[in-house]
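# Structural description and commentary
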Amino acid sequence: MRLGILTGTFNPIHMGHMALCDAARTAFRLDRVVLVPAGESPLRRGAAPAKDRLRMARLAADDVPYLAVSPLE
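On a predicted model such as this, the values are computed, not experimentally measured, just so you know.

Take the nonpolar core next. Ranked by size, the top nonpolar core spans 13 residues in total, and within it I13, C21, V33, L35, Y66 and L67 carry the most contacts. Secondary structure elements with two or more residues in this core: α1 (15–28), β2 (32–37) and α2 (50–61). Excluding anything up to four places from it in sequence, L67 contacts M18, C21, R32, V33, L35 and A61.

Right, let's talk about the sheet that holds strand β1 (residues 3–8) for a bit. Strand order in the open sheet made by the 3 strands is β1-β2-β3, with parallel pairing throughout. Edge positions in the sheet fall to β1 and β3 (67–69), since each of these pairs with one other strand and no more. Recorded for the sheet is a direction-independent mean angle of 25° between the axes of neighbouring strands. As paired strands, β1 and β2 are joined by 6 bridges and run parallel to one another. Across the sheet, G8 pairs through a bridge with P37, a residue of β2. In this fold α2 packs onto β2 and β3, with an angle of close to 160° to the strand it touches most, β3.

About the criteria used
Residues numbered from 1 in each chain as written. Predicted model: local features only at pLDDT ≥ 70, side-chain atom pairs only at ≥ 80, totals over all residues. Heavy atoms only, no water. Core = buried A, V, L, I, M, F, W, Y, C linked by side-chain atoms within 4.5 Å. Buried < 20%, exposed > 50% of the residue type's maximum accessible area, 1.4 Å probe, protein only. Helix = DSSP H or I, 4+ residues; strand = E, 2+ residues; numbered from the N terminus. Contact = heavy atoms within 4.5 Å. Pairing = 2+ DSSP bridges. Axes fitted to C-alpha atoms, helices over the stretch in contact; angles between N-to-C directions.

Pasting the structure below:
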């Protein structure tokens, strides 16, 4: 299985993130792309709480068969 991992603050996750996932999947022939929202971002003061950003990423990935979301961070 060819796996890609995209990390970020995702505050909020948007169409640019989704386009990047699709472009990476196509370019590198990935079977799955895993989104890993940052737990805390030292560069992004005032970001939404981690649990909310994780939920937003999960909602964005719900309808995309090749996307998964990891809560590891």
